[in-house]
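Working through the structure, step by step
The lines below spell out each chain.
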Amino acid sequence: MAETGELSTSAVRAAHEVRVAVGRLRRRLRESRDPDELTPTQTSLLSRLDREGPRTASELAAAEGVRPQSVAVSVGALAERGLVERRPDPDDGRRQTISVAPAGRALLDSTRAAGEEWLARTLHEQLTEDERATVIAAMGLLDRVVTAR
């Protein structure tokens with residue numbers, strides 16, 4: 001199935017179209033959130049902790065590609081709001097592990113639900129049943145692409 005040598009014109013165009021559409025979708029989903037909730041950095045940290053489990057501040061900084069000081073500020077703000085919990089690292093008592101608190105998980109769940117509700121409503125209003133089936137099929141193909149090794 002894969003072509004060798006030069007990339008096909010259709011592959012280059014598909015890559016561009018997917019990148020642009022995903023970027024627009026991410027921006028629209030961000031717009032559906034309450035702007036007073038969290039900063040993008042705080043949201044990213046909270047989501048990473050939810051996906052990957054407890055981490056130290058230095059691990060979060062490395063994973064996010066930001067300075068440890070930036071993570072410390074964001075984690076402090078999240079902790080003040082009761083969205084993350086800090087505990088002594090069982091392997092090194094000088095460090096702390098950071099994990100999602102129940103309130104943080106509830107916030108993530110409600111934010112995700114609001115985004116999905118907006119998207120479902122928009123897909124319902126803007127696309128036909130056949131077009132929605134095409135979107136579903138395309139997502140299966142994209143999933144195959146991103147999980148390929």
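Quick summary incoming for the structure in this document.

Thresholds, definitions, all that
Residues numbered from 1 in each chain as written. Predicted model: local features only at pLDDT ≥ 70, side-chain atom pairs only at ≥ 80, totals over all residues. Heavy atoms only, no water. Helix = DSSP H or I, 4+ residues; strand = E, 2+ residues; numbered from the N terminus. Rg over C-alpha atoms; globule rule 2.2 N^0.38 Å. Buried < 20%, exposed > 50% of the residue type's maximum accessible area, 1.4 Å probe, protein only. Contact = heavy atoms within 4.5 Å. Areas by Shrake-Rupley, 256 points an atom, 1.4 Å probe, with all protein chains shown as cover. Salt bridge = Lys/Arg side-chain N within 4 Å of Asp/Glu carboxyl O. Axes fitted to C-alpha atoms, helices over the stretch in contact; angles between N-to-C directions. Parallel < 35°, antiparallel > 145°, perpendicular 65-115°, else oblique. Nonpolar A, V, L, I, M, F, W, Y, C, P; charged D, E, K, R; others polar. Pairing = 2+ DSSP bridges. Expected span 1.5 Å × (residues − 1). Left-handed = near helix turned anticlockwise from the far one by under 90°.

When its secondary structure is counted, the chain shows six helices and three strands. Going from N to C terminus, the chain has its helices and strands arranged as α-α-β-α-α-β-β-α-α. Against the globule reference of 15 Å for 149 residues, the chain gives a C-alpha radius of gyration of 19 Å, more extended than a compact globule. Dimensions of the chain along its principal axes, counting C-alpha atoms only, are 55 × 40 × 20 Å. The burial tally for the chain puts 23% of its 149 residues in the buried class. In the chain, 49% of the contacts between residues at least 6 apart in sequence involve partners at least 24 apart. Summing over all exposed atoms, the chain offers an accessible surface of approximately 10800 Å²; the carbon and sulfur share of this is 54%.

Moving on, we come to the pattern of salt bridges. When the charged atoms of two side chains lie near each other, side chains of opposite charge can form a pair. By the definition in use, this model includes 12 salt bridges. Its salt-bridge partner being Glu-52, residue Arg-55 comes within 3.7 Å of it at the nearest N-O pair. Classification of Glu-52 as partly exposed rests on a relative accessible area of 33%. Among the salt bridges present, the one from Asp-92 reaches Arg-94, with a minimum N-O distance of 3.0 Å. Because the salt bridges share partners, they merge into one network encompassing Arg-48, Glu-52, Arg-55 and Glu-64.

Between helix H2 (residues 40-52) and helix H3 (residues 57-64), whose axes approach to 11 Å, the crossing angle comes to 110°. Looking at the two axes, H2 sits roughly perpendicular to H3. Contacts between H2 and H3 pair Ser-44, Leu-45, Arg-48 and Leu-49 from the former with Leu-60, Ala-63 and Glu-64 from the latter. Classifying every residue of the contact of H2 with H3 by side-chain character gives four nonpolar, one polar and two charged.

Both strand E2 (residues 84-89) and strand E3 (residues 92-100) contribute to a ladder of six bridges, which runs antiparallel. Each residue of the ladder has a partner; that of Asp-89, found in E3, is Asp-92.

Moving on, we come to helix H5 (residues 102-126). With 25 residues, H5 extends 36 Å between its outermost C-alpha atoms, agreeing within 8% with the 36 Å of an ideal straight helix rising 1.5 Å per residue. Contacts from the buried residues of H5 go to helix H1 (9-31), H2 and E3.

Between H1 and H5, the least distance of the axes is 9 Å, while the angle of their chain directions is 120°. Accordingly, the angle class assigned to the pair H1 and H5 is oblique. Note that H1 runs across H5; the crossing there is right-handed. Here H1 contributes Leu-25, Arg-28 and Leu-29 to the contact with H5, which in turn contributes Gly-115, Trp-118 and Leu-119.

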